[in-house]
Amino acid sequence: MTADPNCIFCKIVAGAIPAKKAYEDDEILAFHDINPWAPVHILIVPKRHIASMEDITDAHAGLLGRMMALSPRLMRELGVTNGFRHVINTGADGRQEVPHLHLHVMGGPRPWARG
Ligand code: 5GP
Ligand code: ZN
């Protein structure tokens, strides 16, 4: 599936819901979380709809690698100098709220709102 019409992150990718973008290319979008846990809280998502890590196979290794590799560069650009945290929640027991794969990248000075 390229886009799910009911998916909030697909709507952000399509520009139908606004978001504060931090990075964009052909296959990846990064934007600021609307309810940040940390002074800097970015969500990195594939542009095409992938519901969660449950759907990931070897075929997605390049995409996931690019999402991970983008994160230190983004943190540097956003002024994060003292470390950051990656989180991916998957499914109900993983407490995933939005069923479109997203990599949380959080950083900035402590204390944080959560986490
Ligand atoms: P999850 O619990 O699925 O790993 O995280 C979903 C994240 O998406 C939450 O941190 C939440 O604040 C964020 N979020 C939910 N809806 C929106 C939205 O419409 N815009 C933005 N920028 N972030 C959102
Ligand atoms: Zn989606």
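Residues numbered from 1 in each chain as written. Chains lettered and ligands numbered in written order. Predicted model: local features only at pLDDT ≥ 70, side-chain atom pairs only at ≥ 80, totals over all residues. Heavy atoms only, no water.

Student: Which residues make up the coordination of the zinc ion (ligand 2), and what values do they have?
Tutor: All of the protein donors around the zinc ion (ligand 2) are Cys7 (SG), Cys10 (SG), His49 (ND1) and His100 (ND1); their distances to the metal are 2.0 to 2.3 Å. Its 4 donor atoms give the zinc ion (ligand 2) angles of 105 to 116° at the centre, a pattern that matches the tetrahedral case. We note that the donor set of the zinc ion (ligand 2) lies within a single chain, spaced as C-x2-C-x38-H-x50-H. With Cys7 in the segment before helix H1 (8-14) and His49 in the loop between strand S3 (40-46) and helix H2 (61-77), this residue pair connects regions lying 42 residues apart in the sequence. For the pair Cys7 and His49, a shared accessibility class is recorded, and that class is buried. (Donors = N, O, S within 2.8 Å, 3.2 Å for Na, K, Ca; no water. Tetrahedral: all angles 85-135°; square planar, octahedral: opposite > 155°, others 65-115°. Helix = DSSP H or I, 4+ residues; strand = E, 2+ residues; numbered from the N terminus. Buried < 20%, exposed > 50% of the residue type's maximum accessible area, 1.4 Å probe, protein only.)

Student: Give me the lowdown on the pairing of strand S5 (residues 103-107), citing residues and values where you can.
Tutor: Along S5, 5 of the 5 residues are buried, which leaves the element largely enclosed by surrounding structure. The two faces of S5 match: Leu103, Val105 and Gly107 on one face and His104 and Met106 on the other face are all buried. Pairing of S3 with S5 involves 5 bridges; the strand directions are antiparallel. Its bridge partner lying in S5, Ile42 is registered against Val105. Direction of pairing for strand S4 (residues 84-87) relative to S5: antiparallel, over a ladder of 4 bridges. Opposite Val87, over in S5, you have His104 as the bridge partner. (Pairing = 2+ DSSP bridges.)

Student: How would you explain the side chain of His41 if you had to name every residue and give the values?
Tutor: Residue placement: His41 occurs in strand S3. Within the structure, the side chain of His41 is placed 3.0 Å from the backbone nitrogen of Trp37, a separation counted as a polar contact. For His41, the residues in contact, after removing those within four places along its chain, are Phe31, His32, Asp33, Asn35, Pro36, His104, Val105 and Met106. (Polar contact = N/O pair within 3.5 Å; in protein donor to acceptor, adjacent residues only side chain to side chain. Contact = heavy atoms within 4.5 Å.)

Student: Explain the environment of Ile42 to me, and be specific about the residues and the numbers.
Tutor: Within the secondary structure layout, Ile42 lies in strand S3. As for Ile42 and Ala19, which are separated by 23 residues in sequence, their C-alpha atoms are 11 Å apart. When residues no more than four places from it in sequence are discounted, the contact partners of Ile42 are Ala22, Ala30, Phe31, His32, Leu74, Met75, Leu78, Leu103, His104 and Val105.

Student: Please give an account of the nonpolar core that cites residues and values.
Tutor: Membership of the largest hydrophobic core comes to 18 residues, with the highest contact counts inside it found for Ile28, Ala30, Ile42, Ile44, Met67, Leu70 and Leu74. Put simply, the parts of the chain that give this core at least two residues each are strand S2 (28-32), S3, H2 and S5. The element best represented in this core is H2, accounting for 6 residues. Excluding anything up to four places from it in sequence, Met67 contacts Ile28, Ile44, Val45, Pro46 and Leu103. The next biggest cluster of nonpolar side chains, apart from the first, holds 10 residues, and it includes Cys7, Cys10, Val45 and Val98. (Core = buried A, V, L, I, M, F, W, Y, C linked by side-chain atoms within 4.5 Å.)

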